[in-house]
Amino acid sequence: MSAPRVTALLVVHDGATWLSEVVASLASQSVRPNQVFAIDTGSLDASVKLLKGARIPVATIDRESGFGAAVAHGITQLPALIKDSEEWIWILHDDCALHPAALESLLAAIADRPSVVMAGPKLLGWHDRTHLIELGISIATNGARWTGLEPLEYDQGQHDGVTEVLSVSTAGALIRRDVFEELGGFDQNLELFRDDVDFGWRVRVAGHSVIAVSDAIGYHAQASATERRSVDVQGAFLHRPLLLDRRNAAYVLLANSSVWSLPGLIFTLFAGAILRSVGYLFAKLPGYASDEILAIGSLIIHPTELLSARKFRKQHRLISPRVVNAFVPSRISQLRSSISRLASTLRSAVLPHSPSRELPIVSDLEINEDEDLLTPVSRTPWKSLFYRPMIIAASIITLVSLSWARHRFGPLAGGALAESPASFRDLIKLYISSWHDVGMGSAQSTPTWVLVIAIASLLFFGNVSVFITIFFLIAPLILLLSAHLYLKRFTDNQWLSAGASLLYALSPVAIASVNGGRLGVLVFMALLPFFIGQFHAWAEIDRWSWRSIFGYSLFIWFLLSFNPSVLLILFVGIILTIFGDFRKASNNYQDQLFLERLKRRLTLLIIPFLLSAPASFGVLLNPTRILREIGLSVSGGGPNLAILANPGGPGSLPWWCASPIVAILLVAYFSTTAARKFAVPGITFLLCGTLISVAVIPGNGTPLNAQVSVGTFIAIATLFSLTSGVVMFDKIRSRLEQSHINFRHISVALILALTLVYSATSLSWLVSVGADSPLRTGQKNVLPAYLAIEKSAKSLVLRPYTRNGEQTLSYYISRGRDITLGEVDVAPADTEVISRAVEGLIDNTGVTSSEVLATYGIKYVYLKNPIIDEVVQTIDGLGGFIRTSATKAGVVWKVNEPTGRIILTDYAGEVSIIEATGISAIVPRPGTLTLTESFSKGWRIYQDGFTAARIEDRDGLPTFEITNAGEVTIFHDGTQRRAWISFFMIVLVTVIVLALPSGRRKSEISEKELA
């Protein structure tokens, strides 16, 4: 049998950059093709001139012609196929140079394989010729081009050999001409990209074989795929390579797959396009994101193309399409590849320079003859770890915490911390709901920190209680580590930075926050070192990139969500810095530098404000909210303790445990300039906190006023104090040794003495009295079990407390259970009418108290122990209450008036209680329907498809006019709440996208990186 005849068809399109080497590689082939013919698609560069200079025949066609059309035109220029002859066409790209033995290796591989009608070379990178690009190709079920190789895989011959594959790249593909013409050549609908996979698929189902030959090597630049040249084919909408590639990938799958697999493929393609488009949006590549969607859309609007393609393929199909399943990667393989690519991307981002490539290679055969084999190997004892300052500090914190927290191993509650709900789903529901069954009911928007806690609890499988308990247990250790990361930049003395970090973790504000269950202050203290770490750059904020501005805005919002007072600090700080910038600009508001700084500073204020909406807008209407802490209201200790850097309140250190914080600030202020710049803001925040601690504001969901707790202000003053101390004490020993005894020696001795005394007294207090803190496990429910049975019944809970040496009562309204985490922050304000009714129960003037309580749906009155006998006698003596029980837990009275959640007053004036099943209720007769809930514009009652008229009655309750007897639907419309959540998500996602690093188009990536 004669040797096969080979015709090389070289397709050229603006390929002058690579063409010289490609032509040279053709001329150097050990077995040359019988003829070479070039098809130029309207190149605008010197491509045609180069080809003519190499004496290669050239046919020029329209610039918008596709690759398949160019190959088809080239075949028409060839002599007719001779019957019974073996003729092959060798398809070449103008950006793919071939190894001199490429054609010889391909012909050798097909010589003893008569079933093979398509063979392709191993493709390596054009610039990095050790980079393995392809050795056969396939397609994944999501349309991705599949090579089965690792990202940037190094070619070490690990895949060498002749391999059966689904298809090979058209760059260097050797195809038997008769089969090519019989199958109709490349699909003209695939003008560029994926035509090779499509043709290989059709070859396979026609009963032929396709192989990849590793001995044949090509060096491919992938110019079109990497956007090194324009894609000018007619079908490329907007000349976008990715759009065309994704469109053609979907086309190949839908045109060639069996009918039964189409539904799954369509779903996978749509889902994949949406996920990739979202990823591109996060990478700030909206063009690529639109390509993904438009690619699928372009197929939908031209369904006839797919139908015609499927019909054509059916005519040439000899075996089942399932024959290609062996070459299509499984979903597990696709998932493994995706994880590998993600890991590679993260590794390159975190470790951009691999140490393994930089270290010299040392052979085991290199022997140092001078080495004394008898010299023992130097080893560091493991005990030396415990001599390191941070290890010692962490050990102290751990030992102290174990003793300090002996009453906190379990579900925590007490102080400012309410009980944790059963699951994170309860917090999610609380965040989403537009109406909250707390007290008299509330339509307030749930703050975003509730959502953060719900998400964080997923680390413990959604168990909120476990998350809260562990957080409070390890909070001192977290404070130690975060403070050390910040303080170590100011000194090389590890003992100094570790000691200051330990003092921060066991500072009065940290101890008061842990013992008092102040979750917000602890989160603030843990993140404060990272927040203050940027302070030094605030003066030159114009040097910050906008990406940094948006990222820092997210960080500030996170702090603000847990501590409303951060908004006040941020606002004042930004106003002062803007004023300073204006003075530096010589009072010229048009100064370019001033405007650049102004835009960035306002962004840092506006974005956290918008992300905290609508609570942040509520602060404008009620400014006192900005001074509240999250959780139950717990009073601070007032200015006497605040001036000592102690926020006070239940669980705080006693006054005689005076920390050295204030002394350090004062000494640092009169010390070096470097220390003074930290002491000044520290003193400022300490004085501001002392001044604000005098204020008394209403608490969350309680009629009682509480003295403001200024934990955030004192936390900032504490960290600034320790920073100034570290700066002041750094290398102080050498400075003191070089001078005579003066005030510096005395002040240093004083601070050291105060620190030692504070350490001894505070640690002694913590492991003894301090362990018996308000925050503890095993808190008993306030309500007795029999009151918790009626979930919908409201109970007025009276709790005795001592104020200014006198015993009095506070109250709240319970709905069959104690208040849980997050609910207190959405609890409604005090109702004045109910407060007066409660006062009547105490001072014996409450003749109408039972009627008032019944009006508001309150069914029980519960006086919790310790019992005040005078109050018991007063309530017993008033009419309208029936005592139902008296136990060690307390005394319970039932209101002797008909009451419930839904009260019907008919036109005759008769009052009846309506029982509801879910959101439905049956109204026996027309009248006025009153909900014993706080009035809200969101309340709706539907009857017979119409909305009942709603008014607010004189008691502040929603009332509806019911004109017909029958079933009604009662619910709270959450449209407004859903709108706020949508607004929050839009702003959050937008800011996250702006804060993330930008992706790059392939055209923006250097050729070295691509290699």
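Residues numbered from 1 in each chain as written. Predicted model: local features only at pLDDT ≥ 70, side-chain atom pairs only at ≥ 80, totals over all residues. Heavy atoms only, no water.

S.K.: Can you lay out the overall build of the chain for me, pointing to particular residues and giving the numbers?
M.R.: The secondary structure content of the chain amounts to 35 helices and 31 strands. With 1011 residues in all, the chain has 50% of them scored as buried. Contacts in the chain between residues at least 24 apart in sequence constitute 74% of all its contacts with a sequence separation of at least 6. Surface summary for the chain: the accessible area is close to 48400 Å², and the carbon and sulfur share equals 61%. (Helix = DSSP H or I, 4+ residues; strand = E, 2+ residues; numbered from the N terminus. Buried < 20%, exposed > 50% of the residue type's maximum accessible area, 1.4 Å probe, protein only. Contact = heavy atoms within 4.5 Å. Areas by Shrake-Rupley, 256 points an atom, 1.4 Å probe, with all protein chains shown as cover.)

S.K.: Which residues make up unusual backbone geometry, and what values go with them?
M.R.: Of the consecutive residues Ala613 and Pro614, the connecting peptide bond is found in the cis state with omega at 5°. Note on placement: Pro614 falls in the loop between α22 (592-611) and α23 (615-621).

S.K.: Explain the packing of helix α25 (residues 661-669) against helix α26 (residues 673-692) residue by residue, including any values.
M.R.: Their axes nearest at 8 Å, the elements α25 and α26 cross at an angle of 135°. With respect to α26, the element α25 is oriented oblique. At the point where α25 passes α26, the crossing takes the left-handed sense. Across the interface between the two elements, Val662, Leu665, Ala668 and Tyr669 from α25 touch Ala675, Arg676, Ala679, Val680, Gly682, Ile683 and Leu686 from α26. In terms of residue class, the contact of α25 with α26 is built from nine nonpolar, one polar and one charged. (Axes fitted to C-alpha atoms, helices over the stretch in contact; angles between N-to-C directions. Parallel < 35°, antiparallel > 145°, perpendicular 65-115°, else oblique. Left-handed = near helix turned anticlockwise from the far one by under 90°. Nonpolar A, V, L, I, M, F, W, Y, C, P; charged D, E, K, R; others polar.)

S.K.: Which residues make up helix α20 (residues 546-562), and what values go with them?
M.R.: Helix length check: α20 (17 residues) gives 25 Å between terminal C-alpha atoms against 24 Å at 1.5 Å per residue, within 8%. For α20, a buried count of twelve out of 17 residues is recorded, marking the element as mostly surrounded by other parts of the structure. Of the positions making up α20, those classed as buried are Ile549, Phe550, Tyr552, Ser553, Leu554, Phe555, Ile556, Trp557, Leu559, Leu560, Ser561 and Phe562. On its buried face, α20 sits against α15 (448-456), α19 (519-532), α21 (565-584), α22 and α34 (975-995). (Expected span 1.5 Å × (residues − 1).)

S.K.: Can you tell me about the confidence of the model for the chain, naming the residues and giving the values?
M.R.: On average, residues of the chain carry a pLDDT of 84, and 89% of them reach 70 or more. Between residues 350-378, whose pLDDT stays under 50, and residues either more than four places distant or in other chains, the model counts two contacts. (pLDDT = per-residue confidence, 0-100.)

S.K.: Quick one: what's the story with the environment of Leu719, residue by residue and with numbers?
M.R.: When you line up the elements, Leu719 lands in helix α27 (residues 711-729). When its relative accessible area of 0% is taken as the criterion, Leu719 is described as buried. Along the sequence, Leu719 and Leu487 sit 232 residues apart, while their C-alpha atoms lie 9.2 Å from each other. If we ignore the near neighbours within four places in the chain, the residues touching Leu719 are Tyr486, Tyr504, Leu528, Pro529 and Ile532.

S.K.: With reference to specific residues and values, describe the sheet that holds strand β23 (residues 911-914).
M.R.: Across the sheet, five strands lie side by side as β23-β22-β26-β30-β29; this open sheet has antiparallel pairing. The sheet is open, and its two borders are formed by β23 and β29 (950-952), each paired with just one other strand. Each strand axis lies, on average, 30° off the axis of its neighbour in the sheet, ignoring direction. Sheet topology places strand β26 (residues 927-931) next to strand β30 (residues 958-962); four bridges connect them, and they run antiparallel. If you follow Thr928 over to β30, its bridge partner there is Glu961. (Pairing = 2+ DSSP bridges.)

S.K.: Hey, could you go over empty space enclosed by the protein for me, with residue numbers and the actual values?
M.R.: Summed over all chains, the structure comprises six cavities of 30 Å³ or more. By volume, the largest cavity amounts to about 140 Å³. As for the largest cavity, its lining consists of 18 residues, of which Arg628, Glu629, Ser633, Val634 and Ala706 are closest to the centre. For the lining of the largest cavity, the residue count by class is nine nonpolar, six polar and three charged. (1 Å grid on protein atoms, 1.4 Å probe; cavity = no way out; pocket = protein on both sides within 12 Å on 5 of 7 lines; lining within 4 Å. Points joined across faces, edges and corners; volume = space filled by probe spheres on them.)

S.K.: I'd like a description of the sheet that holds strand β31 (residues 966-972), backed by residues and values.
M.R.: The five strands lie next to each other as β24-β25-β31-β27-β28, forming an open sheet whose pairing is antiparallel. Strand pairing shows two members of the sheet lacking a second neighbour, β24 (916-917) and β28 (946-947), which therefore form its edges. Pairing of strand β25 (residues 920-923) with β31 involves four bridges; the strand directions are antiparallel. Paired with Ser920 across the bridge in β31 is Thr969.

S.K.: Give me the nonpolar core: which residues, what numbers.
M.R.: As a rule of thumb, nonpolar side chains are buried together in soluble globular proteins. Core analysis: the biggest nonpolar cluster contains 113 residues, and Ile453, Ile468, Phe472, Leu519, Leu528 and Leu604 have the highest contact counts within it. Take this core: its biggest share by element is twelve residues, from α27. In terms of nonpolar packing, the next biggest core, distinct from the first, is built from 33 residues, Phe67, Phe193, Val231 and Leu244 among them. (Core = buried A, V, L, I, M, F, W, Y, C linked by side-chain atoms within 4.5 Å.)

S.K.: Mind laying out the pattern of salt bridges, listing which residues take part and the relevant values?
M.R.: Tallied over the entire structure, the rule returns 34 salt bridges. Two residues, Arg113 and Asp112, come together in a salt bridge whose shortest N-O distance is 3.4 Å. Looking at Arg113, the relative accessible area reads 29%, which means it is partly exposed. Linking Arg815 and Asp437 is a salt bridge whose minimum nitrogen-to-oxygen distance equals 3.5 Å. Pair noted here: Arg815 is in the loop between β18 (806-814) and α31 (832-843) and Asp437 is in the loop between α14 (424-432) and α15, with a separation of 378 residues, a long-range link. (Salt bridge = Lys/Arg side-chain N within 4 Å of Asp/Glu carboxyl O.)

S.K.: Now, about the environment of Arg322: what can you tell me, with residues and values included?
M.R.: Inspection of the secondary structure puts Arg322 in the loop between α10 (303-315) and α11 (331-350). The sequence separation of Arg322 and Val205 amounts to 117 residues, and the corresponding C-alpha distance is 8.5 Å.

S.K.: If you had to explain a nonpolar patch on the surface to someone new, which residues and values would you point to?
M.R.: Among the surface-exposed residues, Ile643, Leu644, Trp655, Trp656 and Leu687 lie close enough to one another that they form a single nonpolar patch of about 540 Å² accessible area. As for its placement among the helices and strands, Ile643 is situated in the loop between α24 (639-642) and α25. Overall, Ile643 belongs to the partly exposed group, its relative accessible area being 34%. (Patch = residues over 30% accessible without salt bridge, like charges linked within 9 Å, V, L, I, M, F, W, Y side chains within 5 Å.)

S.K.: Which residues make up helix α17 (residues 494-505), and what values do they have?
M.R.: One turn of the α-helix equals 3.6 residues, which is why residues spaced by three or four share an orientation. Helix length check: α17 (twelve residues) gives 16 Å between terminal C-alpha atoms against 16 Å at 1.5 Å per residue, within 8%. Of all the residues in α17, the buried ones are Ser497, Ala498, Ala500, Ser501, Leu502, Leu503, Tyr504 and Ala505. Near the N-terminus of α17, the side chain that reaches the backbone nitrogen of Trp495, with its oxygen 3.0 Å away, is that of Asn493. (Polar contact = N/O pair within 3.5 Å; in protein donor to acceptor, adjacent residues only side chain to side chain.)

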